[in-house]
Amino acid sequence: MAARISVIGTGYLGATHAACMAELGYEVLGMDVDAEKIAALTAGTVPFYEPGLDELLAKHVASGRLRFTTSYAEVAGFGADVHFICVNTPQRKGEYAADLRYVEAVVDGLAPHLDQPTVIAGKSTVPAGTAVRLTERFLELAPAGAGVEVAWNPEFLREGYAVGDTLRPDRLVIGVASAHAEAALRDVYAPLIEAGTPLVVTDLATAELVKAAANAFLSTKISFINAMAEVCEAAGGDVMQLSEALSYDARIGGRFLVPGLGFGGGCLPKDIRAFMARAGELGVDQALAFLKEVDAINMRRRVRMVDLAREQCDGSFLGKRVAVWGAAFKPNSDDVRDSPALNVAASILLQGAQVTVYDPKANDNAAKLFPTLAYADSALEAARGAHVILHLTEWQEFRELDPEEVGKVTSQRRIVDGRNALAAQRWHEAGWTYRALGRPVVG
Ligand code: UGA
């Protein structure tokens, strides 16, 4: 009989994990407290944008291998070999630390129904020490007592590539406190392990730390190249050439070395802060003090972008029209959590400009967060009458635009490329002033 898997929390991470587990051949039950989300998923519709997930979800809802519920009792009664926790762990309001209320709510909701031994595998990003704390809570609340084992199985998927990252991950990490939990997770991931995915088995704390460390490293790499962009601007260098030259050193590598507006989203910014907070609690805050600088460099990019835009508006935003291309925190996603693009758009609006935003997928989510910005249905419409265009999320469709055509609708040919992704020379040849972070003026 096919193994049974439950997935609790069906956001970007959980919905993807559930569909991918069904693809691996398991019977899957997805659970969320958000009835609207569950209704959409049950109908085979993904309530957010993630390339490839729609097809996979529809396929397995239709095959009957993937079902959804809002009931903890049903999840417990499903007899899952492994229950995965995939709820989000946002930043606590007014603090750096992670807010674990959703993870704790899962334990409190599920535990009283667990009367059979089972394995709970957390995938949510949590501070080191959480799995042990949750084990104690299960022991207290679950009728099965010590039969409920907690493991940690951090997730490294990227939004926009979530399906591929889940079905073909570059590694699997499982943190366990018993051989039984290890065996259960090895079984679940057997198809991936057989396909050659490296597996690292650790204790609980290490598994929790791997995730925090990975995101801290990625953030540091981005802020490193953005710090170089600041130096390049001062010295008259070109950070894109510098980045390319560094990338050929195999020890450095070119990935996550793209300078620009920096990182945002629901993961990197809050994860480095939660990591710093946890290090403080553990008495090793000095070890991660550098992440404060990583965060500061990243936030300075947004301020610098606004400054560059203001320069292109001849020193003042008052009465100016600004077009913003991109609202999602990165392309191929409709996620606007801590989006650098929206942060820049909103601060320019507050400085007196009329700002029109266009994003291929994220307009609706952006409008919920920033209803006072104007939204357009196309890049050209957003650009109409603009004194300057700001390219802030590097969707492929922006790269394909013809600078000549765009120039016919704007009031000035001025563009600031916040992602260093447009062909500077092409824009320059069409009569545009092209500005970018960390690079000399073109035009
Ligand atoms: C990130 C990690 O990359 C995943 O491995 C991890 O699983 C996930 O967080 C998570 O913790 O759940 P994600 O938030 O989807 O994934 O986005 P990334 O692709 O990492 O991009 C983050 C931000 O960095 C974006 O705003 C992007 O524009 C920016 N970035 C990325 C740069 O500014 N420069 C780069 O070179 C790369």
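Just above, that's the structure.
What you see as residue numbers is a count from 1 along each chain, following the sequence as written. Two thresholds apply to this predicted model, a pLDDT of at least 70 for residue-level local features and 80 or more for giving and counting side-chain atom pairs, whereas whole-chain, interface and lining totals are computed over all residues. The basis for every side-chain value is the complete set of heavy atoms in the structure, and neither hydrogens nor water enter the calculation.

**Things to note about the overall build of the chain**
Only DSSP runs of H or I reaching four residues or more are called helices, and only runs of E reaching two or more are called strands; each is numbered from the N terminus. A count of helical and extended segments in the chain gives 19 helices and 14 strands. Projecting the C-alpha coordinates of the chain onto the three principal axes gives extents of approximately 70 × 50 × 40 Å. Exposure classes here rest on a 1.4 Å probe applied to the protein chains alone. A residue is buried below 20% of its type maximum, exposed above 50%, and partly exposed in between. Per-residue burial over the chain gives 53% buried out of 443 residues. Seen as two clouds, the 43 positive and the 55 negative side-chain charges of the chain have centres 5 Å apart. Charged residues are defined narrowly, with Lys and Arg counted positive, Asp and Glu counted negative, and His plus the chain ends left uncounted. Working definition for charges: the position is that of NZ of Lys, CZ of Arg, CG of Asp or CD of Glu.

**So, helix α13 (residues 290–312)**
Under the convention used throughout, the expected extent of a helix is 1.5 Å for every residue step, that is, one less than its residue count. For α13, which comprises 23 residues, the first-to-last C-alpha distance of 33 Å matches the rise-based estimate of 33 Å (1.5 Å per residue) to within 8%. For α13, the complete set of buried residues consists of L291, V294, D295, I297, N298, R301, R302, M305, V306, L308, A309 and Q312. Residue contacts are counted whenever heavy atoms from the two residues lie within 4.5 Å of one another. Looking at the packing, one finds that the buried side of α13 touches α10 (204–235), α12 (268–281), α14 (340–350), β12 (388–391), β13 (414–417) and β14 (433–436). Immediately downstream of α13, the backbone of D314 shows phi near 55°, a positive value.

**Describing the sheet that holds strand β11 (residues 374–375)**
Any two strands with at least two DSSP bridges between them are considered paired. Spatially, 6 strands are ordered β11-β10-β9-β12-β13-β14 in an open sheet, and the strand pairing comes out parallel. The strands lining the two open edges of the sheet, one partner per strand, are β11 and β14. Alignment of β12 against β13, held across 3 bridges, turns out to be parallel. If you follow I389 over to β13, its bridge partner there is I415. Its contacts with the sheet put α13 on β12, β13 and β14, and the angle it makes with β14 is roughly 165°. Throughout, an axis means a line fitted to C-alpha atoms (over the contacting stretch in the case of helices), and angles, computed between N-to-C directions, take values from 0 to 180 degrees. Across the sheet, α14 is in contact with β9 (321–325), β10 (354–358), β11 and β12; its angle to β10 comes to roughly 160°.

**Quick word on the site of the ligand**
Residues in contact with the ligand amount to 21 residues; listed here are only the nearest, F156, L157, E159, N215 and F329. One of the side-chain nitrogen or oxygen atoms of K211 is found 2.9 Å away from an oxygen atom of the ligand. We define a polar contact as two N or O atoms separated by no more than 3.5 Å, with the added condition that, inside protein, one atom must be a possible hydrogen donor and the other a possible acceptor, whereas residues neighbouring each other in sequence contribute only through side-chain atom pairs. At a separation of 2.9 Å, an oxygen atom of the ligand approaches a polar side-chain atom of K330. For the ligand, the accessible surface in isolation is 720 Å², of which the surrounding protein chains cover 90%. Put simply, the parts of the chain that give the shell around the ligand at least two residues each are α10 and α12. Considering every element that reaches the shell around the ligand, the biggest residue donor is α10, with 4 residues. By convention in this text, a residue qualifies as near a molecule or strand provided that one of its non-hydrogen atoms is within 4 Å of it. Areas reported as accessible are Shrake-Rupley estimates using a 1.4 Å probe. Residue values count occlusion only from the protein chains shown.

**Side note on the state of the cysteines**
Whenever a pair of cysteine sulfur atoms sits within 2.5 Å, that pair is classed as a disulfide. Scanning the model with the defined rule gives 0 disulfides in all. Looking at the unpaired C267, the closest cysteine sulfur is the one in C86, lying at 12 Å. Of the residues examined, C267 reaches a relative accessible area of 35% and is grouped as partly exposed.

**Section: the pattern of salt bridges**
Note on definitions: salt bridges are taken to be side-chain nitrogens of Lys or Arg within 4 Å of carboxyl oxygens of Asp or Glu. Scanning all chains against the criterion turns up 29 salt bridges. The closest approach of N and O atoms between D32 and K37, which form a salt bridge, is 4.0 Å. Looking at D32, the relative accessible area reads 9%, which means it is buried. When its relative accessible area of 23% is taken as the criterion, K37 is described as partly exposed. One salt bridge in this structure joins R337 and E159, with 3.2 Å as the shortest N-O distance. With R337 in the loop between β9 and α14 and E159 in the loop between β6 (148–152) and α7 (162–167), this residue pair connects regions lying 178 residues apart in the sequence. One salt-bridge network, in which partners are shared between bridges, spans E230, E293, R300 and R301.

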